[in-house]
Amino acid sequence: MAFVPSWACLLVGCISASLAVSSKISDVYPPLWEESPGQFNDYKVENEKYIIDIWNYSQRLGMYKILLNQTTKYFEKFAPDNEQNLLWGLPVHHGWQYHTGRLADPTHRTGCGHRPLEHLCLSVDSWWADVNYFLSIMPFLAAAEAGILGISPDDVIFLPPPKDQKRFCSDVSSCHASFPEAMKNWNEFYQHVKSPSSSFDDLLKYIWDAHFSSLKVARKNFQSRSKYYSKPEADFQRNWALFVDYLAPPRFPTTLVRMYEFQKGLPARILLSRDKGPFIRDLTGFQNTVLLLLDFIHKVHKYTGKRYGGFVFYDFYRVL
Ligand SMILES: *[C@@H]1O[C@H](CO)[C@@H](O)[C@H](O)[C@H]1NC(C)=O
Ligand SMILES: *[C@@H]1O[C@H](CO)[C@@H](O)[C@H](O)[C@H]1NC(C)=O
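Below is a summary of the structure that appears in this document.

## Looking at the pattern of salt bridges
Then, number 1: By the definition in use, this model includes 14 salt bridges.
Then, number 2: For R102, the salt bridge goes to E233, with nearest N and O atoms at 2.9 Å. Here R102, found in the loop between helix 4 (89-99) and helix 5 (127-145), pairs with E233, found in helix 9 (residues 231-247); they are 131 residues apart in sequence, far enough to count as distant. For the pair R102 and E233, one class covers both residues: buried.

## Some remarks on the pairing of strand 2 (residues 49-52)
Then, number 1: Bridge count between strand 1 (residues 44-46) and strand 2: three bridges; the pairing is antiparallel. Counted as the bridge partner of E46 is K49 from strand 2.
Then, number 2: Taken together, the three bridges between strand 2 and strand 3 (residues 156-158) define a ladder with parallel strand orientation. Bridge pairing in strand 3 places I51 opposite I157.

## Some remarks on the sheet that holds strand 2
Then, number 1: Pairing in this open sheet of three strands is mixed, and the strands run 1-2-3 from one edge to the other. The sheet terminates laterally at strand 1 and strand 3, the two strands that pair on one side only. With direction set aside, neighbouring strand axes in the sheet form an average angle of 35°.

## Some remarks on the site of ligand 1
Then, number 1: Around ligand 1, the structure places Q39, N69 and T72.
Then, number 2: Considering ligand 1 on its own, with 360 Å² of exposed area, one finds that the protein chains cover 36% of that surface.

## As for the site of ligand 2
Then, number 1: Every residue close to ligand 2 is listed here: N56, S58, Q59 and L120.
Then, number 2: Between ligand 2 and the protein, one listed contact pairs an oxygen atom with a side-chain N or O atom of N56 at 2.4 Å.
Then, number 3: In isolation ligand 2 has 360 Å² of accessible area, and contact with the protein removes 49% of it.
Then, number 4: Taken together, the residues of the shell around ligand 2 sort by class into one nonpolar, three polar and no charged.

## Re the packing of aromatic side chains
Then, number 1: On inspection of all chains with the given rule, the structure shows 28 aromatic pairs.
Then, number 2: Geometrically, the ring pair formed by W240 and F262 is tilted, given 6.0 Å between the ring centres and 35° between the ring planes. Taken as a pair, W240 in helix 9 and F262 in helix 10 (residues 256-263) lie far apart in primary sequence, 22 residues in all.
Then, number 3: Owing to a relative accessible area of 3%, F262 belongs among the buried residues under this scheme.
Then, number 4: Ring pairs connect the aromatic residues W55, Y133, F134, F168, F179 and F222, which therefore count as one cluster.
Then, number 5: A cation over a ring is seen here: R60 above W55, with NZ or CZ 5.0 Å from the ring centre.
Then, number 6: When the ring centre of Y206 is taken as reference, the NZ or CZ atom of K205 above it lies at 4.7 Å.

## Side note on the nonpolar core
Then, number 1: Membership of the largest hydrophobic core comes to 93 residues, with the highest contact counts inside it found for L149, W186, F189 and Y190.
Then, number 2: When residues of this core are assigned to their parent elements, the largest contribution, 14 residues, is made by helix 5.
Then, number 3: Setting aside anything within four residues of it in sequence, one finds F189 in contact with F75, L87, L203, Y206 and I207.

## Description of unusual backbone geometry
Then, number 1: The phi torsion at H108 lies on the positive side, around 60°, for a residue other than glycine.
Then, number 2: Position of H108 relative to the elements: it lies in the loop between helix 4 and helix 5.
Then, number 3: Judged by relative accessible area, H108 falls into the exposed class, the value being 58%.
Then, number 4: Although it is not a glycine, D164 adopts a positive phi angle of roughly 55°.
Then, number 5: Counting through the fold element by element, D164 comes out in the loop between strand 3 and helix 6 (172-178).

## Looking at the environment of F140
Then, number 1: As for its placement among the helices and strands, F140 is situated in helix 5.
Then, number 2: The buried category is assigned to F140, whose relative accessible area is 1%.
Then, number 3: In the structure, F140 is positioned 32 residues away from V172 in sequence and 9.9 Å away in space, judged by C-alpha atoms.
Then, number 4: Setting aside its immediate chain neighbours within four residues, F140 contacts F40, I52, M63, L67, L149, V156 and F158.

## Here's the deal with helix 5
Think of an α-helix as 3.6 residues a turn; residues three or four steps apart then line up on the same face.
Then, number 1: With 19 residues, helix 5 should cover 27 Å at 1.5 Å per step; its first-to-last C-alpha distance of 28 Å lies within 8% of that length.
Then, number 2: Where burial is concerned, most of helix 5 is hidden: 18 out of the 19 residues are buried.

## Structural notes on helix 7 (residues 180-194)
Then, number 1: Along its 15 residues, helix 7 runs 21 Å from first to last C-alpha, staying within 8% of the 21 Å computed at 1.5 Å per residue.
Then, number 2: Along helix 7, the residues that are buried comprise A182, M183, N185, W186, F189, Y190 and V193. In a view along the axis of helix 7, the buried residues occupy a sector of 160°, so they form one face of it.

Thresholds, definitions, all that
- Residues numbered from 1 in each chain as written.
- Chains lettered and ligands numbered in written order.
- Predicted model: local features only at pLDDT ≥ 70, side-chain atom pairs only at ≥ 80, totals over all residues.
- Heavy atoms only, no water.
- Salt bridge = Lys/Arg side-chain N within 4 Å of Asp/Glu carboxyl O.
- Helix = DSSP H or I, 4+ residues; strand = E, 2+ residues; numbered from the N terminus.
- Buried < 20%, exposed > 50% of the residue type's maximum accessible area, 1.4 Å probe, protein only.
- Pairing = 2+ DSSP bridges.
- Axes fitted to C-alpha atoms, helices over the stretch in contact; angles between N-to-C directions.
- Near = heavy atom within 4 Å.
- Areas by Shrake-Rupley, 256 points an atom, 1.4 Å probe, with all protein chains shown as cover.
- Polar contact = N/O pair within 3.5 Å; in protein donor to acceptor, adjacent residues only side chain to side chain.
- Nonpolar A, V, L, I, M, F, W, Y, C, P; charged D, E, K, R; others polar.
- Phe/Tyr/Trp six-rings, centres within 6.5 Å; stacked < 30°, edge-to-face > 60°.
- Lys NZ or Arg CZ within 6 Å of the ring centre and 35° of its normal.
- Core = buried A, V, L, I, M, F, W, Y, C linked by side-chain atoms within 4.5 Å.
- Contact = heavy atoms within 4.5 Å.
- Expected span 1.5 Å × (residues − 1).
- Arc of directions from axis to C-beta.

What follows is the structure in structure tokens.
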């Protein structure tokens, strides 16, 4: 194993199993996980409906927390402590977005996500916050529809963003109407989650299908946000989204510890125009390698088309 380059390790999620035993599970939770709402009663209630400010990091994280909590029983057959719950990928990645400042207002016209009192604010101008919106509301509503959350999806009201409201669906009917395929894929995922005969690999396939279809609609809708970012960061966003296309086919397991390890390879702060790869000094060697690799995948994709890029990926995957 030692001769395998670290980026190949990244690609297949090659992580040391030792981490799982040597550190506490709670060390790898996303920021503010413990403090965030963990049940519906932690949210404000008005007219017998739960009011969720989905543009607040803690409240959006709380939706994931409820989701993870309510699906624990379906994943326990794979490992204790909910560690193998495939939904971990969502909050762990969202935590990285928060921690690296990617959810703040990139235009700096507001203090959203920047000022101490507004550090939980998710900016509607942040590409990351917008894309993640679809990866939070859809899995959440579909879980409610599947009867997994113990409430009806109509029991919740999501507060709208300060602008561009029409670009975001905010309840079951508008999400189905605007993004039928993605919602259908999430529905299917939960049907399989509930089925006792589903294997881990089955669930991995269905969650990636759903993830991929949410990402597809989100990406299309928010390309315009890239103008708010430096070229290196905008390129990273583009390459990252493309990379997820490649992550999906080999079905990277989005379980807690693997996601945590994987995340260490992603740049720990927003990239600035002065950042010139492949050696950005305050990023780790691992992070620089990943940036280089993402750029490489983009080039392969651009010049040879997706299929060939896919093969390159599969070759790396087979190495192990
Ligand atoms: C789910 O959350 C409730 C309320 O916070 C808690 O009592 C329960 O232990 C949690 N269940 C699991 C499986 O984590
Ligand atoms: C975000 O939600 C948390 C937890 O519900 C709350 O304490 C906080 O005041 C909210 N922050 C903002 C900026 O709305």
